[in-house]
Number of protein chains: 2
Amino acid sequence: MTDDIDQVLITALMDDSRLSLKALAQISGLSSPSVAERLRRLEERGVLKGYTVEIDPKCFGYQLQAIVRIRPLPGQLQEVERQIQAIPEFTECDKVTGDDCFIARLHVRSMEQLDTLLDRLNTHAETNTAIVKKTPVKRRLPPMA
Amino acid sequence: MTDDIDQVLITALMDDSRLSLKALAQISGLSSPSVAERLRRLEERGVLKGYTVEIDPKCFGYQLQAIVRIRPLPGQLQEVERQIQAIPEFTECDKVTGDDCFIARLHVRSMEQLDTLLDRLNTHAETNTAIVKKTPVKRRLPPMA
DNA sequence: AGCACTTGGTCGATGTCATCGGTCATGGTG
DNA sequence: CACCATGACCGATGACATCGACCAAGTGCT
């Protein structure tokens, strides 16, 4: 289904998604029309879900990053989910098994803002916040083999 | 420093990082050389850290995704950090304040694999695992304003 | 076995795009 | 006020993506 060449293409694009078809052709040993066709198929099959960009939140003043575990109060699950989605400083959120219903990543400019945002949640949920000190593993791909 | 046009460019690239300079020019109302120059500056200043691709781990058999909180045993912090980095199924990991030293995202193909991988960590750390059921907020940008 | 069909590739022509040098308007500064 | 730095535009040129025509290899059917 996805062969070695597809993996080479994906790995190359993971590194730099603006690579030209010609460059991808050289890397993979195919011609550029073939590469274009392969990318089209990978997109079609939903393997390649999108081309995006990595930005540095610090450049917009987001000095702090936190992982917040969120346990809604009884009957408040829907409301809490809606609130998380509505607060744009939550840049990702998973709904998980276990006591903590949600685990979310939060970017804030200051401790004060952290406090303000969490207070809004605290009327509907208990939260547990861990400040990110370092990121030993940056977003990467699991092995494709 | 980063003005409205830069934000438009970043937002557009977040959606589709393979947009041509010409397309970005139309979106932003500039000429393509100007767009190229702005991107160059954004990269130079480290605002734009990279162009990447979003892939679907399910297409490679990763049916399960878990958030793992990891608390190293006394004296094992370095070793645990090295181990996490060495296990490619950990696709992201933050070192945080609080009792849990690390919070990591893990992709596995089966419960059995989950068990195997966590056992390797459990000789050096206590872990707490939450299976991802749903992702109410997909990776997005915090407000730039 | 042989033939037709499908799949995935190349090649070459054409039109689109990125890039580079030159130019100009603007705003801040000595 | 004059100067310089910045950030934009334009036009020419070379690089690139795209499209159609063609080809080779594997598959299944008679």
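Our structure is the block above this text.
For the structure given in this document, a descriptive report is provided here. This is a predicted model, so every value here is computed, not measured.

Parameters and conventions
- For every chain, the first residue of the written sequence is number 1, and numbering continues from 1 along that sequence.
- Lettering of chains starts at A and numbering of ligands starts at 1, both following the order in which they are written.
- Confidence filtering applies because this is a predicted model: local features only for residues at pLDDT of at least 70, side-chain atom pairs given and counted only at 80 or more, and all residues used for totals across whole chains, interfaces and linings.
- Side-chain figures throughout are based on the complete set of non-hydrogen atoms in the structure, without hydrogens or water.
- Note on pairing: DSSP must find at least two bridges between two strands before they are called paired.
- Strands are runs of DSSP state E lasting at least 2 residues, helices are runs of H or I lasting at least 4, and numbering of each runs from the N terminus.
- Axis lines are fitted to C-alpha atoms, over the contacting stretch for helices. Their N-to-C directions set the angle, which ranges from 0 to 180 degrees.
- Alignment of the copies relies on least squares applied to C-alpha atoms, considering only residues that score at least 70 for pLDDT in both.
- By definition, residues are in contact when any of their heavy atoms lie within 4.5 Å.
- The term buried area means the drop in 1.4 Å probe accessible area that two parts suffer when joined, counted for both and summed.
- Any Lys or Arg side-chain nitrogen found within 4 Å of a carboxyl oxygen on Asp or Glu counts as a salt bridge.
- Pairs of N or O atoms within 3.5 Å make up the polar contacts considered here, provided that, within protein, one atom can donate a hydrogen while the other can accept it, and that residues adjacent in sequence are counted only when both atoms are side-chain atoms.
- Here, proximity means that at least one heavy atom of the residue falls within 4 Å of the molecule or strand.
- Only Asp, Glu, Lys and Arg are considered charged, only Ala, Val, Leu, Ile, Met, Phe, Trp, Tyr, Cys and Pro nonpolar, and every remaining residue, Gly among them, polar.
- Pairing of aromatic side chains requires ring centres within 6.5 Å, counting the rings of Phe and Tyr and the six-membered ring of Trp. Pairs whose planes differ by under 30 degrees are stacked, by over 60 edge-to-face, and all others tilted.
- Placement of a charge over a ring requires the Lys NZ or Arg CZ to be within 6 Å of the ring centre, with the centre-to-atom vector within 35 degrees of the ring normal.

## Observations concerning the sheet that holds strand 2 (residues 64-72) of chain A
Now for step 1: Taken in spatial order, the eight strands close into a barrel running 2(A)-4(A)-3(A)-5(B)-2(B)-4(B)-3(B)-5(A), and their pairing is antiparallel. Here the average twist between neighbouring strands, direction ignored, is 40 degrees.
Now for step 2: With three bridges connecting them, strand 5 (residues 125-137) of chain A and strand 3 (residues 90-96) of chain B associate as antiparallel partners. Within strand 3 of chain B, the residue paired with Val137 of chain A across the bridge is Cys93 of chain B.

## Concerning the relation of the copies chain A and chain B
The second copy of the chain is related to the first by a rotation about an axis and a shift along the axis.
Now for step 1: Note on the identical chains: chain A maps onto chain B by a rotation of 180 degrees and an axial translation of 0.0 Å, with an RMSD of 0.1 Å. Here the transformation between the copies is reduced to the relation of a two-fold axis.
Now for step 2: The share of interface residues of chain A whose copies in chain B are also at the interface is 100%, consistent with both copies meeting through the same surface.

## Describing the interface of chain A and chain B
Now for step 1: Across the boundary between the two partners, chain A contributes 66 residues, which contact 66 residues of chain B.
Now for step 2: Roughly 6,200 Å² is buried in total at the junction of chain A and chain B, and carbon and sulfur atoms are behind 56% of that figure.
Now for step 3: Three residues stand out in chain A for area buried against chain B, namely Arg18, Val53 and Phe60 of chain A, and they jointly supply 12% of the buried area on that side.
Now for step 4: Inspection of the chain A/chain B interface yields eight salt bridges.
Now for step 5: Between chain A and chain B we count 52 residue pairs in polar contact (both at pLDDT 80 or more) in total.
Now for step 6: Listing elements by their share of the side of chain A that touches chain B, those giving two or more residues are helix 1 (4-15), helix 2 (21-28), strand 1 (48-55), strand 2, helix 4 (77-86), strand 3 (90-96), strand 4 (102-108) and strand 5 of chain A.

## A closer look at the protein's contact with DNA strand C
Now for step 1: In the vicinity of DNA strand C, the contacting residues are Leu30, Ser31, Pro33, Ser34, Arg38 and Arg41 of chain A together with Ser20, Leu21, Lys22 and Pro33 of chain B.
Now for step 2: A breakdown of the atoms of DNA strand C within 4 Å of the protein gives sugar and phosphate a share of 83%.
Now for step 3: The side chain of Ser34 of chain A places a nitrogen or oxygen atom 2.3 Å from a phosphate oxygen of DNA strand C.
Now for step 4: Contact distances for DNA strand C include 2.5 Å between a phosphate oxygen and a side-chain N or O atom of Lys22 of chain B.
Now for step 5: When residues of the surface near DNA strand C are traced back to their parent elements, those giving at least two are helix 3 (32-44) of chain A together with helix 2 (21-28) of chain B.
Now for step 6: At four residues, helix 3 of chain A tops the list of elements feeding residues into the surface near DNA strand C.
Now for step 7: Counted by class, the surface near DNA strand C contains four nonpolar, three polar and three charged residues.

## Overview of the packing of aromatic side chains
Now for step 1: In this structure the tally under the stated criterion is zero aromatic pairs over all chains.
Now for step 2: Across from the ring centre of Tyr62 of chain A, 4.4 Å away, lies the NZ or CZ of Arg109 of chain A, which sits over that ring.
Now for step 3: The cationic tip of Arg18 of chain B hangs over the ring face of Tyr51 of chain A; the distance from NZ or CZ to the ring centre is 5.7 Å.

Shape descriptors only; they carry no functional weight alone.
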